[in-house]
Amino acid sequence: MPSTLYDKLWESHKIHDLDKDEALIYIDKHLINEVTSPQAFAGMRAKSRKVWSESSIVATADHNTPTTDPEAGVSDDLARAQIDALDDNLKSLTGAEYYPYPSNEQGIVHVIGPELGITQPGLTIVCGDSHTSTHGAFSALAFGIGTSDVEHVLATQTLALKKSKNYRISVSGCLPAGVYAKDLALHVIKRIGTAGATGHVIEFTGEAVRALSMEARMTLCNMAIEAGARTGLVGVDETTLEYLKDRPKSPSQGLWPEAVHYWTSLNTDEGALFHKSLALDAGEVVPLVTWGTSPEMVVSVTDVVPNPGLIDDPIRRAGFERALTYMGLEPGQRMQDLRLDKVFIGSCTNSRIEDLRIVADLVKGCRIAEHLKQALIVPGSGAVKRQAEKEGLDKIFIEAGFEWRRPGCSMCLGMNEDRLLPGERCASTSNRNFEGRQGQGGRSHLMSPAMAAVSALNGLITDVREYL
Ligand SMILES: CC(C)[C@H](C(=O)O)[C@@H](O)C(=O)O
Ligand code: SF4
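These numbers come from a predicted model, not from an experiment.

### Some points on the overall build of the protein chain
- A tally of regular secondary structure across the protein chain gives 15 helices and 19 strands.
- Since a compact globule built from 468 residues should have a radius of gyration of about 23 Å, the 21 Å found for the protein chain is in line with a globular shape.
- With respect to the three principal axes, the spread of C-alpha positions in the protein chain is 55 × 55 × 45 Å.
- Taking the contacts inside the protein chain whose residues are at least 6 apart along the sequence as the reference set, 77% of them involve residues at least 24 apart.

Laid out in structure tokens, this is it:
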């Protein structure tokens, strides 16, 4: 029977059927961060459990690490305690890969996994972090887990999982100029809502997806969970293989042909059945920007703030009204008139080298708006930082008035010093705009790096197409 890519990944990792649609699944790679692992390690110690497979572990501190000079140390007590705990917990695990803070390779785990070639097609990858879906761009079955599951994987290398349903989103045509994978992700969420793919794994297919770089596919899969999906997937093709070739942890030359042979089988078979399907035309996607406090509260950059009065459903209407109050907006206001206080370019959604090149192209020789209090560019990893510096992008950013920082999650969720203050309005390339997400009372507008770049220059939310 023809199988979907998800079915293949599921079957190849199934150890034992537990129930009709529940099974014990083997986990190949376990990514670990400083926020969701301390309790799991404490649980292991309390029960005298041993780590099952040290070599499956890749650990780094990313969420609350400072992005300024590491010499200054970590000022926040909780952040320091979590970073120290990760150091302690990893000390005895000599078989694990650990990129501590501060070190050359440290960065957002969803950025360093792929760039080191740790993320490979056909693997099951988990992390105590919801945006683990990013790795699905490589045909890996990758998803976020809770702290108790982190302990379970540490101890057993398995998880008892309920099988998700298959959801195909196929995108035909090609994305117009000034429209990026971030816009496509927001377009999907706008269309199906933040619960639209609940209980499903989304496989992105179609010529517009095939035309995306690996970086762009990662952006798309990263945000699949914001549409409610368990994870996102893209089948292996030449672009995948090209990206993986010669990465530090990729198979050696001798093993490469065999790896390629297996990896290319990681595609959905002709005629395989999906529980749900959605067909989109890339040509209809426009630059999008969120106005509210959920990624589905999103409009075209040329639109106005929506009017809740036009919504029939009272619960939805109340949600819109609350979001408008929190965001300090009035229905009918033009998105492009919104004045920004800060700009944040970074996060596991959009902090890879390709994102930074796009930003550099747009801001080269220009200056950010006078009134901006801060414009941060935070590379996703040490390797992205070094590559950007090699290409001279850091100079372009600094000359334009941006702050060029060290890698980490930073203002994506404000667990370090990089935060919004109450009432501050921010253009952000991250994936979540919940109340308080970037700092208590902060107001986040999600958009592509290109849009964030030109919005920084203008000091207002701005349509990148005017700059092309
Ligand atoms: C802190 C962490 C558990 C969280 C997640 O799971 O995604 C964070 O990364 C986020 O983006 O909200
Ligand atoms: S960059 Fe943001 S979304 Fe990604 S893992 Fe860090 S906090 Fe979560």
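Moving on from the model shown.
### Some words on the sheet that holds strand E11 (residues 231–233)
- Here we have four strands laid out as an open sheet, ordered E11-E10-E9-E12, and parallel in their pairing. Among the strands making up the open sheet, the edge pair consists of E11 and strand E12 (276–281). On average, each strand axis in the sheet is inclined to that of its neighbour by 20 degrees, with strand direction left out of account.
- Of the strand pairs in this sheet, strand E10 (residues 200–205) and E11 are connected by three bridges, and their pairing is parallel. Paired with Glu203 across the bridge in E11 is Leu233.

### What about the packing of helix H12 (residues 353–363) against helix H14 (residues 393–400)?
- It is at 10 Å that the axes of H12 and H14 come closest, and there the two elements cross at 45 degrees. One element, H12, and the other, H14, form an angle in the oblique class. The hand of the H12/H14 crossing is left-handed. Where H12 abuts H14, its residues Leu356, Arg357, Ala360 and Val363 lie against Leu393, Ile396, Phe397 and Ala400.

### Things to note about the UniProt feature "binding site: [4Fe-4S] cluster" (unreviewed entry) in the protein chain
- The positions that UniProt labels "binding site: [4Fe-4S] cluster" (unreviewed entry) are, in the present scheme, Cys348, Cys409 and Cys412. These annotated residues cover 65 residues of sequence, and their C-alpha atoms lie no more than 8.7 Å from one another, placing them together at a single site.
- Secondary-structure assignment places Cys409 in the loop between strand E17 (403–404) and strand E18 (425–428).
- C-beta crowding within 10 Å serves as the criterion here: with 31 such atoms nearby, Cys409 is assigned to the buried category.
- Summarising the element assignment, Cys412 is placed in the loop between E17 and E18.
- Judged by local crowding, Cys412 falls into the buried class, with 28 C-beta atoms found within 10 Å.
- With residues up to four places along the chain from it excluded, the contact list for Cys412 reads Gly346, Ser347 and Ser430.

### Points about the site of ligand 1
- Residues in close proximity to ligand 1 include Val35, Thr36, His63, Asp129, Ser130, His131, Gly144, Leu413 and Arg432, which together make up its full environment.
- Partitioned by chemical class, the residues of the shell around ligand 1 number two nonpolar, five polar and two charged.

### Notes on the site of ligand 2
- In the neighbourhood of ligand 2, the contacting residues comprise Asp62, His63, Ile108, Asp129, His131, Ser347, Cys348, Cys409, Cys412, Leu413, Ser430 and Asn431.
- Classifying every residue of the shell around ligand 2 by side-chain character gives five nonpolar, five polar and two charged.
- Composition of the shell around ligand 2 by domain shows at least three residues from each of domain 1 (5–276) and domain 2 (289–467).

### Regarding the domain arrangement of the protein chain
- Along its sequence, the protein chain is organised into domain 1 (5–276) and domain 2 (289–467).
- Each of domain 1 and domain 2 has a C-alpha centre, and these two points are 24 Å apart.
- Domain 1 puts 36 residues into the contact, and the matching count from domain 2 is 34 residues.
- At the level of elements, helix H4 (109–115), helix H6 (181–192) and helix H8 (214–222) are the ones that each hand at least two residues to the side of domain 1 that touches domain 2.

### A closer look at the sheet that holds strand E16 (residues 374–377)
- Spatially, the five strands line up as an open sheet ordered E17-E16-E15-E18-E19, and their pairing is parallel. Of all strands in the sheet, those bounded by a partner on one side alone are E17 and strand E19 (443–446).
- Where strand E15 (residues 342–345) meets E16, four bridges bridge the pair, whose relative direction is parallel. Bridge pairing links Val343 to Ala375 in E16.

### Section: the pairing of strand E9 (residues 165–172)
- As paired elements, E9 and E10 share six bridges and run parallel to each other. What sits directly across from Ser170, in E10, is Thr205.
- Traced from E9 through H6 to E10, the parallel crossover comes out right-handed.
- Two elements, E9 and E12, share six bridges in a ladder whose sense is parallel. Across the sheet, residue Val171 finds its bridge partner in E12, namely Leu280.

### Structural notes on the nonpolar core
- Counting 142 residues, the largest nonpolar core has Ile202 and Val343 as the members making the most contacts within it.
- Look past the residues within four positions of Ile202 in its chain and what remains in contact with it is Tyr167, Ile169, Ala197, Ala224, Ala227, Ala229, Gly232 and Leu233.

### With respect to the packing of helix H2 (residues 38–46) against helix H5 (residues 147–156)
- In contact at an axis separation of 8 Å, H2 and H5 are set at 50 degrees when each is read in the N-to-C sense. With respect to H5, the element H2 is oriented oblique. The crossing of H2 and H5 is right-handed. Across the interface between the two elements, Gln39, Ala40, Gly43 and Met44 of H2 pack against Thr147, Val150, Glu151, Leu154 and Ala155 of H5.

### Quick notes on helix H15 (residues 449–458)
- Across the 10 residues that make up H15, a large majority, 10, are buried.
- Those residues of H15 that sit buried are Pro449, Ala450, Met451, Ala452, Ala453, Val454, Ser455, Ala456, Leu457 and Asn458.
- Buried residues in H15 make contact with strand E13 (288–290), E15, H12, E16 and E18.
- Immediately downstream of H15, the backbone of Gly459 shows phi near 75 degrees, a positive value.

Parameters and conventions
- Residues numbered from 1 in each chain as written.
- Chains lettered and ligands numbered in written order.
- Predicted model: local features only at pLDDT ≥ 70, side-chain atom pairs only at ≥ 80, totals over all residues.
- Helix = DSSP H or I, 4+ residues; strand = E, 2+ residues; numbered from the N terminus.
- Rg over C-alpha atoms; globule rule 2.2 N^0.38 Å.
- Contact = placed C-beta atoms within 7 Å.
- Pairing = 2+ DSSP bridges.
- Axes fitted to C-alpha atoms, helices over the stretch in contact; angles between N-to-C directions.
- Parallel < 35°, antiparallel > 145°, perpendicular 65-115°, else oblique.
- Left-handed = near helix turned anticlockwise from the far one by under 90°.
- UniProt positions renumbered as here; feature names shortened; annotations may be inferred.
- Buried ≥ 20, exposed ≤ 12 C-beta atoms within 10 Å, placed from the backbone.
- Near = placed C-beta within 6 Å.
- Nonpolar A, V, L, I, M, F, W, Y, C, P; charged D, E, K, R; others polar.
- Domains from an automatic or database assignment.
- Right-handed = clockwise from strand over helix to strand, strands pointing away.
- Core = buried A, V, L, I, M, F, W, Y, C linked by C-beta atoms within 7 Å.

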